[in-house]
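# Survey of secondary and tertiary structure
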Amino acid sequence: MSRTTAVTRRLRSPELGAAVLAAALSMGAYCLALALRGTYPFGARSRAVNDLGNQFVPFHAHLWDLQHGNTTGDLVFNWNSGYGAPFLADFFTYLMNPFSWLTGLFPRAAVNFPVFLVTLLSIGLGAAVMTYFLGRLHPGSPWLRALLGTGYGVCAWVVNDGAADPMWMWGLVSLPLVGIACDWCLQGRRWVLGTLFVAVAWAGNFYTGAMATVGAGLVLLVRVVLAGDRPVRARLLVLGRAAGMVVVGVLLTAPVMFVGLKASKASQPAPPATYDGPPALTDYLAQLLPGGRSAVSAPNLFIGMLGLLLVASLPFNRRLAVRERVAWYALLLLVALSFVWEPTILLWHGLAIPNGSPYRAAFVLSGMLTMAAWVSLSRCPDPFALTGGAALVALVLLVGHGRSSVYAMTWALVLAGGALTFATLWVLERRHGDRRTERLAVVVLGCAVLAGTTLSTYSATVIRDKLPFFFPRPTVSGPSLAAYRVLKQHDDWPATRTDPGPHEFASNDPMLLAGEGGSYYSSYLPAVTADLLHDLGAGWFIQGRHTLSPADPVGRALFGVTTYLDSSSAPNGFTAKRATAAPLVTVHPSIRPDTTSVWSRQESLLGAKVYEVPQLAWTAGPRPTPHGTSGWSVPATPRGSVWTTFTGSCTPGSSAFLYAPWFGGTVMGMGAKYESYGKQPMTAMPIRSLGTVGADGRVQVQLRASAAAQVPAQPVGCFSQAALDRALTALKGATHVSSGGHTLSAELPAGSSGTALVALPAVTGWQCSVDGGAERPVRSVLGMIGVPLGSGASRLSCSYHTPGLAPGLAAGGVGMVLLVAVPLAARLRRKGRTDGPAAPVPST
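Residues numbered from 1 in each chain as written. Predicted model: local features only at pLDDT ≥ 70, side-chain atom pairs only at ≥ 80, totals over all residues. Heavy atoms only, no water.

### Describing the pattern of salt bridges
Proximity of charged atoms lets side chains of opposite charge pair with each other. Rules: Salt bridges are defined as contacts in which a side-chain nitrogen from Lys or Arg sits within 4 Å of a carboxyl oxygen from Asp or Glu. We count a stretch as a helix when DSSP gives it H or I for four or more residues in a row; a strand needs E for two or more, and each element gets its number in order from the N terminus. Burial status follows relative accessibility: with a 1.4 Å probe on protein chains alone, a residue under 20% of its type maximum counts as buried, one over 50% as exposed, and anything between as partly exposed.
Within the structure shown, the criterion is met by 10 salt bridges. Among the salt bridges present, the one from Asp382 reaches Arg318, with a minimum N-O distance of 3.1 Å. Taken together, the residues span a long stretch of sequence, with Asp382 in the loop between α17 (362-377) and α18 (383-400) and Arg318 in the loop between α14 (305-313) and α15 (322-338) at a distance of 64 residues. Taking the relative accessible area as the measure of exposure, Asp382 reaches 10% and is therefore buried.

### Here's the deal with helix α21 (residues 478-489)
As a reminder, the rule being used: Here a helix's expected span is defined as the number of its residues, less one, multiplied by 1.5 Å. In this analysis, two residues are considered to be in contact whenever any of their non-hydrogen atoms come within 4.5 Å of each other.
Look at α21: 16 Å from first C-alpha to last across 12 residues, which is about the 16 Å you get at 1.5 Å a residue. Along α21, the residues that are buried comprise Ser480, Ala482, Ala483, Tyr484, Val486 and Leu487. On the buried face of α21, the contacting elements are β3 (497-502), α22 (509-513), β7 (561-567) and β8 (574-578).

### Here's the deal with the sheet that holds strand β12 (residues 625-626)
Formally: Whether two strands pair depends on DSSP finding at least two bridges between them.
Spatial ordering of the open sheet is given by β12-β13-β20, a layout of 3 strands whose pairing is antiparallel. Of all strands in the sheet, those bounded by a partner on one side alone are β12 and β20 (709-711). Bridge count between strand β13 (residues 632-634) and β20: 3 bridges; the pairing is antiparallel. Bridged to Val634 within β20 is Ala709.

### Regarding the layout of surface pockets
Using the following cut-off: Method remark: on a 1 Å grid restricted to protein atoms, a set of points is classed as a cavity if a 1.4 Å probe fits but cannot get out and as a pocket if it is open with protein on both sides within 12 Å along at least five of seven lines; lining residues have an atom within 4 Å of a point. Grid points are joined across faces, edges and corners, and a volume is the space filled by probe spheres set on the points. Three classes are used, and their members are as follows: Ala, Val, Leu, Ile, Met, Phe, Trp, Tyr, Cys and Pro are nonpolar, Asp, Glu, Lys and Arg are charged, and the others, Gly among them, are polar.
Taken as a whole, the second largest pocket encloses approximately 730 Å³ of empty space. As for the second largest pocket, its lining consists of 27 residues, and the residues nearest its centre are Pro502, Ala551, Asp566, Pro686 and Arg688. At the level of elements, β3, α24 (553-558), β7, β17 (672-677) and β18 (688-692) are the ones that each hand at least two residues to the lining of the second largest pocket. Here the lining of the second largest pocket takes 4 residues from β17, the largest share from any one element. Its residues assigned to classes, the lining of the second largest pocket comprises 14 nonpolar, 8 polar and 5 charged.

### Looking at the pairing of strand β23 (residues 736-739)
Sheet analysis places β23 next to strand β24 (residues 743-761), joined by 4 bridges and oriented antiparallel. Looking at β24, one finds that Ser739 is bridged to Leu744. Connecting the antiparallel pair β23 and β24 is a turn made up of 3 residues.

### Quick notes on the packing of α15 against α17
Defined as follows: Every angle, taken between N-to-C directions, lies between 0 and 180 degrees, and every axis is a line fitted to C-alpha atoms, over only the stretch in contact when it is a helix. Should an angle fall under 35 degrees it is called roughly parallel, over 145 degrees roughly antiparallel, and 65 to 115 degrees roughly perpendicular, with every other angle called oblique. Handedness of a helix crossing follows the sense of rotation of the near helix relative to the far helix, less than a right angle counterclockwise being left-handed and clockwise being right-handed.
Relative orientation of the contacting elements α15 and α17 amounts to 165°, with a least axis distance of 10 Å. With respect to each other, α15 and α17 are oriented roughly antiparallel. Both α15 and α17 take part in a crossing whose hand is left-handed. Only Leu365, Met368, Leu369, Met371, Ala372 and Val375 of α17 make contact with α15, whose side of the interface consists of Glu324, Trp328, Leu331, Leu332, Val335 and Ala336. Residues of the contact of α15 with α17, tallied by class, amount to 11 nonpolar, no polar and 1 charged.

### Let's talk about the confidence of the model for the protein chain
Low pLDDT marks regions whose predicted coordinates should not be analysed in detail. For clarity, the threshold we go by: On a range of 0 to 100, pLDDT expresses the predictor's confidence in each residue.
A residue-level look at the protein chain finds 95% of positions with pLDDT of 70 or above and a mean pLDDT of 92. In the predicted structure, residues 470-474 sits below a pLDDT of 50 and forms 22 contacts with residues beyond four places in sequence or in another chain.

### Some details on the nonpolar core
What counts, and what does not: What we call a nonpolar core is a set of buried Ala, Val, Leu, Ile, Met, Phe, Trp, Tyr and Cys residues that are connected through their side-chain atoms within 4.5 Å.
One finds Trp157, Trp328, Met371 and Leu425 to be the most contacted residues of the largest nonpolar core, which totals 134 residues. The contacts of Leu425, once residues within four sequence positions are left out, are Leu306, Leu309, Leu310, Leu377, Leu386 and Leu445. Formed by 59 residues, the second largest nonpolar core is a distinct cluster that contains Ala557, Leu584, Val598 and Cys768.

Structure follows, in structure tokens:
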């Protein structure tokens, strides 16, 4: 039989049909649950238009632009966000799920839908691959495996954790994929393909890929221990083969790893996260029950009633050797314990306690539960095992009674679904070998799995939708499409910028709306960018991991913003406004940085004085404590008390602005009144307008502090628009600016000298040359790119080089060499043994 014929028959085998069934059931159950709830794309009842996306919908919109040549940047650099930010690490981390690349097949206006498909198709593929892998653990009915694969595909982790972060969903595929590669190690074959499977798992998302690799490695270790018919040397050879496979597979993804690690090192630090301790045992056990979501932090684990009953039956299944039952339960127990012990939580999450849930690796335990369920089902548990399993499930239900994750739906699913599952498995065991009965049992179990998975997903989704969401909801709808058209209409890049802010539709508006703004939310947001924007008076969230566009005229002018969107009562929620601004590249004979205040920093970069800074004095309300140049400590304002009041004087007719980034409470002064939500260091408020200074020149600011807060020593600046206009007119700017995907060049006035100031954050990786000279790393001028011109310069050329990419490519090349060399060396060694000298003929 030819190899092609063998492959064709294999593809037509029940294995393929079972994989398709698992994918269809899991995706169908997920869609039915969302349709029942009326959430996107089957309605808009959910609090978020697309709970699957949050900040990742704009990333996919940016991917669409890259695929269609509709953007100014490329994979290396993103000109849209943070006034220019490296992009390759974002691409590797957020957009490497292969299903993300389907985005370009849909209209940009419907970008929410392909983001939904990333989750949906990952569910289907994960269920299908798990169905196949279960057959590698032990032979048995592929249709029953498909039902267990369905439970894995829509496990609790998917509904409560993974769906909100589409890039993590690749982990659902990675676990069984790496498991298949480990199985080949056990068989001593397909080392190259297994290595590529590891590489695919890590490249799709290295965070969950690493978790999946650890999980698959532990399963392999159990299988090696249980392989009692193999000598110790053969078992060690299996483990060595697997270790080599993982090392080479990870080397192949070295560009992803190196770029991500370099970007992470240069990023704005995340808020400190601490582990608050393990959940109560009853809460932990209750997570095995379908249909809930715990109010306390605990791993999300459920895999449906079929899987739960079979896992519970495993200790009682006498058709398995005792050592096999003990080994599998020991694995489950140790992994479950590792999820709630801080040192091992650090190991699961790359040596850092994550912000948010510390149980992001829970899909690994859900996968292991699915495997243990199949280990029992493949040996056809008898009535004793089923009864024992049902008793254990009943005990867990009783113990979980009153826990926050146990709802009425949980009781219904366990009692009704459990009874139907128990009865069907009983009949399946009693009539084993009866084809007709077995088929009917599979149909009944399939209906039970579909109904149970749908209802448990629906129930968990209802609970999830009641939780508060911090971020503005991402939406590609009428108002955002109108904003997109406005920004495109005024687009003049790179001569000037069009900024979607300070109004916000989503957490990454510049990518969603294709403008060039200061807003940017990413784990890789450079610390240089966050510090620059903060020092110039822009706001931020999450300790600087989500920056905002400046809300004041000087801040906008410094970044070359001539069109911006401001929040208003207009039908679409925003108004497009025009402003005067500096060119993207300006020439300064000298720059003398003054960091006394936010006003002096802005003036240093502008090269002119545009603010009058009044000396404020406390005049009423709770007395603030002065700390010299460090600012004021403003006490909380008691209920009914006069507000803390500062008074000073400025030129009549000037515009007063307040910069109090860490103040939380109410601000009032000169006609303005607004709520401030500052909280050091998490939330920084931007420079805000107080109003026009009256004829008496009196400046008064009243603060009602909800809690004690810090205010800068010079919190008020009185701005002169006329002075700004004169300063912009006097600026010596580039005569022409052009940009490529990650390059920028400028024609300078003849004979330019001093420093060229480029309105970009001076992130590591930028190199510039003057008049065709050698490229050199740029220097930072208060966080912006500064390039010494010498004398008589006429042209500036800059390009961005991604840190970590070159060594990553080199390591990847080593991986490629090993991928070829290892099997080649093994083949030559085998050939040498075959073609060795003939054995001597014994003498007679």
